[in-house]
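# Residue-level structure breakdown
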Amino acid sequence: MLKKFLTVAIDTPLDTVFDYRWTQTATASLIPQVGQFVRVPFGRREITGLVLKVQDSSEVDDDKLRDVIELRHHITPLSSQWIALCQFAAEYYQRPIGEVALPGVPKHVREAKPASIERALKKIRTKSSDTDGVPVSADVDNSIQAPALNDEQRAAVAAITGSAGFASHLLFGVTGSGKTEVYLHAAHAVLQQAQVMGERAQILLLVPEINLTPQLEHHVRARFPRATVATLHSQLSEGERLRHWLSAHEGHAEIVLGTRLAVLASLPHLKLIVIDEEHDPSYKQQEGLRYSARDLGVWRARQLNIPVVLGSATPSVESWYHASSGRYRRLDLTQRAIAQASLPRIGLIDMERHKAPDGLSPPLMDALRERLAQGEQSLLFLNRRGYAPVIHCDACGWISHCRRCTAFMVLHKPERRLRCHHCSLELRIPTSCPTCGNVDLQPLGRGTQRVEEYLHTLFPTARLLRIDADSTRRKGSAQQAFEAVHRGEVDILLGTQMVAKGHDFQRLTLVGAINPDTALFSPDYRAGERLFAQLMQVAGRAGRAAMANGRQSEVLLQTRYPQHPLYRALQAHDYTGFATATLEERQTAGLPPFIFQALLRAEAKTLDTALSFLQSARDLMPHQDIRINEPVPMTITRVAGMERAQLLLESPSRTQLHAFLKPWMQTLRATKTRARWSLEVDPIDI
Ligand SMILES: [Zn+2]
Ligand SMILES: [Zn+2]
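### Brief notes about the overall build of the protein
When you go through the protein residue by residue, the secondary structure sums to 19 helices and 29 strands. Taken over C-alpha atoms, the radius of gyration comes to 27 Å for the protein, in line with the 26 Å a tight globule of 686 residues would show. Oriented by its inertia axes, the alpha-carbon framework of the protein measures out at about 85 × 65 × 50 Å. A buried classification covers 55% of the 686 residues belonging to the protein. Across the protein, contacts joining residues at least 24 apart in sequence account for 74% of those joining residues at least 6 apart. When the accessible surface of the protein is totalled, it reaches about 30,400 Å², and 50% of it is carbon and sulfur. Side-chain charges in the protein split into 82 positive and 72 negative, and the spacing between the mean points of these groups amounts to 4 Å.

### With respect to the environment of Lys475
Checked against the element boundaries, Lys475 lands in the loop between β21 (464-467) and α14 (477-486). Here the alpha-carbon distance between Lys475 and Gln235, two residues 240 residues apart in the chain, equals 8.4 Å.

### Concerning the sheet that holds strand β19 (residues 426-428)
In spatial order, the strands read β17-β18-β19; together these three strands make up an open sheet with antiparallel pairing. Two strands close off the open sheet at either side, each with one partner strand: β17 (410-412) and β19. Strand after strand, the sheet turns through a mean of 30 degrees between neighbouring axes, direction not considered. Of the strand pairs in this sheet, β17 and strand β18 (residues 417-419) are connected by three bridges, and their pairing is antiparallel.

### Describing the coordination of the zinc ion (ligand 1)
Taken together, Cys393 (SG), Cys396 (SG), Cys433 (SG) and Cys436 (SG) make up the protein donors of the zinc ion (ligand 1), found 2.3 Å from the metal. The site at the zinc ion (ligand 1) holds four donor atoms, and with the angles between them running 105 to 114 degrees, its shape is tetrahedral. Read in sequence order, the donor residues coordinating the zinc ion (ligand 1) give the pattern C-x2-C-x36-C-x2-C. Taken together, the residues Cys396 in the loop between β16 (390-393) and β17 and Cys436 in the loop between β19 and β20 (441-444) connect sequence positions 40 residues apart. For Cys396, a relative accessible area of 38% gives the class partly exposed. For Cys436, a relative accessible area of 39% gives the class partly exposed.

### Structural notes on the pairing of strand β8 (residues 202-206)
The element β8 is extensively covered by neighbouring structure, given that five of its five residues are classed as buried. Judged by which residues are buried, β8 turns out to be covered on both faces: Gln202, Leu204 and Leu206 on one side and Ile203 and Leu205 on the other are all buried. By the bridge criterion, four bridges tie β8 to strand β10 (residues 255-258) in an arrangement that is parallel. Across the sheet, residue Leu205 finds its bridge partner in β10, namely Leu257.

### Section: the pattern of salt bridges
As enumerated under the stated definition, the model contains 41 salt bridges in all. A salt bridge links Arg21 to Asp62; its shortest N-O distance comes to 3.2 Å. Remark: Asp62 occurs in the loop between β4 (45-55) and β5 (66-67) and Arg21 occurs in strand β2 (residues 18-23); sequence separation between them is 41 residues. With relative accessibility at 13%, the residue Arg21 sits in the buried group.

### Examining the sheet that holds strand β15 (residues 377-381)
Overall, parallel pairing links the six strands, which are arranged β14-β24-β23-β15-β22-β21 in an open sheet. With partners counted over all chains shown, the strands left at the sheet margins are β14 (345-350) and β21, one partner each. Taking the axes of each pair of neighbouring strands and ignoring which way they run, one obtains an average angle of 20 degrees across the sheet. Examined bridge by bridge, β15 and strand β23 (residues 508-513) share five bridges and lie parallel to one another.

Here is what the cut-offs are and how they apply
- All residue numbers here refer to positions counted from 1 along the written sequence of the relevant chain.
- Chain letters and ligand numbers both follow the written order, the letters beginning at A and the numbers at 1.
- Per-residue local features of the predicted model are confined to residues with pLDDT of at least 70, and side-chain atom pairs are confined, for both listing and counting, to 80 or more; whole-chain, interface and lining totals are unaffected and use all residues.
- Hydrogens and water are ignored here; the side-chain numbers use all heavy atoms of the structure.
- Helix and strand assignments follow DSSP, with helices taken as H or I runs no shorter than four residues and strands as E runs no shorter than two, numbered in order from the N terminus.
- Computation of the radius of gyration draws on C-alpha atoms alone. For the globule rule, the value is 2.2 Å times the number of residues to the power 0.38.
- Exposure categories follow from relative accessible area, calculated using a 1.4 Å probe and restricted to protein chains: below 20% of the type maximum is buried, above 50% is exposed, and the middle band is partly exposed.
- The contact rule is simple, with two residues in contact once any of their heavy atoms fall within 4.5 Å.
- Areas reported here follow the Shrake-Rupley algorithm with a probe of radius 1.4 Å; residue values treat only the protein chains shown as occluding.
- By the counting rule applied here, Lys and Arg register as positive and Asp and Glu as negative, while His and the ends of each chain are not counted.
- For charged residues, the charge sits on one atom: NZ in Lys, CZ in Arg, CG in Asp, CD in Glu.
- Think of it this way: DSSP has to see at least two bridges between two strands before they count as a pair.
- The convention used is that axes are lines fitted to C-alpha atoms, helices contributing only their stretch in contact, and that angles between N-to-C directions extend from 0 to 180 degrees.
- Each metal's donors are the N, O and S atoms within 2.8 Å of it, or within 3.2 Å when it is Na, K or Ca, and because water is not part of the set, sites may look incomplete.
- Just to be clear on the cut-offs, tetrahedral is four donors with all angles between 85 and 135 degrees, square planar is four donors and octahedral six with opposite donors over 155 degrees apart and all others between 65 and 115, and anything else goes down as irregular.
- Salt-bridge detection follows one rule: a side-chain nitrogen of Lys or Arg within 4 Å of a carboxyl oxygen of Asp or Glu.

Next comes the structure, spelled out in structure tokens:
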């Protein structure tokens with residue numbers, strides 16, 4: 001009787017893998033394979049695991065081994081390359097392999113629902129047999145005419161597709177310079193090359209936000225009508241997820257479009273990776289496996305020896321640094337692809353000189369009025385949702401603190417609620433001061449709802465639309481809202497960073513930033529970089545067609561610091577100068593990318609428990625080569641009743657940092673504590 005020993009990854013916080021015994025029986029004649037799913041006993045449960053190794057012996061004593069219940073052979077086993085990717089991510093981010101490999105796999109595959117899998121596979125196969133024998137890549141020329149590229153775009157496509165093997169390209173181009181066209185032409189060329197060679201190819205296209213997928217998907221489908229396009233993001237239903245995941249995994253989908261989680265998709269014929277808006281913080285997962293999809297994308301391209309393209313108008317300073325050091329190849333797009341469009345003029349409104357009791361200064365109001373008269377669209381950007389960040393009592397000084405967090409309860413007027421944005425606690429708005437009974441409670445500061453209310457009184461006949469996390473809670477509502485703007489049904493669009501990304505509004509000629517200053521003096525060293533990117537991006541929404549009526553589109557920033565170097569660089573559209581200055585500052589201050597960091601966070605009922613856990617972690621092992629800072633409470637110390645603290649580890653050598661982290665984490669896992677803790681490698685919020 002044939003006997004094998006399987007090493008299996010299981011989705012559990014225990015950082016280990018498990019050996020099981022498999023014995024061939026008359027009814028189950030298939031031999032186990034690496035990359036296959038198996039049903040195994042685990043404690044008293046029965047669960048699904050992934051086979052990492054198949055061997056003829058095990059280091060575990062035979063009487064301690066349990067038997068595999070069933071091999072799952074409904075889908076092609078996952079490739080060894082995919083397993084290596086998960087193994088790398090697990091080691092790099094210090095998480096168990098099972099927590100990396102299994103959660104991304106659709107529930108129906110993990111739980112082995114053969115009927116659903118068969119149904120999905122049948123659908124996928126029927127779809128792709130329609131196109132058998134028809135060259136997918138020929139469609140670009142046959143159907144929708146691809147726009148002609150300018151010289152810079154053509155050079156970029158040639159550099160991407162002409163590189164033999166692995167190369168990281170940083171595609172640096174202002175908004176409207178036609179980065180998407182470069183991606184699509186490169187994708188086309190890669191699919192065509194593969195076809196000539198008689199090979200199969202898959203392209204992975206990552207975008208930072210779900211809201212951007214419908215637009216890009218529409219674009220891709222129109223340009224590659226015969227190609228199979230799969231989308232992967234967190235809002236798919238289980239059925240959709242199964243179909244799209246299988247289509248990618250079985251190699252049917254030529255183009256896979258998705259948010260950060262798609263970087264871990266199984267893609268057996270992957271030939272090109274594109275990461276659009278590579279600077280976007282959404283590429284960083286902030287819980288569980290705290291990975292950077294951008295960094296994993298680059299690693300994956302190196303592993304497969306294929307090109308990767310990172311695109312942005314405002315690259316992350318890390319990527320800029322890699323481009324300056326030659327690790328990435330920089331490809332510049334300096335011209336806007338649409339001939340008439342030019343860069344918007346960026347004006348600063350000095351708020352020391354202009355009064356704005358309701359948030360809008362007279363010059364900004366005048367500019368809005370002018371656009372309304374011309375029948376053009378305006379966009380107002382305010383990165384704070386709700387009506388007012390806090391309400392207070394003038395009589396006694398009471399202020400709406402959240403009782404569970406070191407944060408304020410935000411006034412949401414249309415919903416008639418106070419909401420904590422950190423723990424989601426909701427309360428009715430008090431009719432009088434809880435402390436002194438004063439009935440005249442006042443909102444302090446302003447969010448999007450309050451500006452919307454004021455705009456209604458200011459321009460009663462204008463068509464206003466607010467887009468933020470509150471106005472787009474229903475599935476599909478964000479897309480509907482953006483479509484209304486595209487159809488010209490909106491005169492003034494008001495929103496948070498949600499409106500800053502990716503959407504091109506043809507009739508938009510004015511962008512106003514109401515209060516960008518809040519980010520200037522943040523303790524977070526990345527705040528300036530983010531603000532620059534956000535403002536550049538929101539400015540980029542203006543005026544693809546502004547020149548049609550002979551006028552330059554305009555961006556107006558309300559600020560108390562018009563001399564600030566960040567605004568000066570922005571005014572000059574000078575990302576390069578900004579990035580160079582930022583990198584110099586980081587080097588002087590000893591910050592990434594000149595240093596490598598890991599952050600240990602702890603939370604507990606008392607701050608003392610959290611801090612003393614971190615202190616003991618600090619003293620756990622000798623660490624000559626690693627700098628471990630003092631444990632400190634986090635900026636927002638209490639969230640949902642838990643006190644939070646953190647410990648920052650730094651080293652100029654990534655290798656040394658990781659050599660320290662591995663044994664340190666093993667010891668930490670064995671430590672008894674009442675604190676809940678987690679480690680983040682390359683943290684972005686410190
Ligand atoms: Zn009071
Ligand atoms: Zn709270």
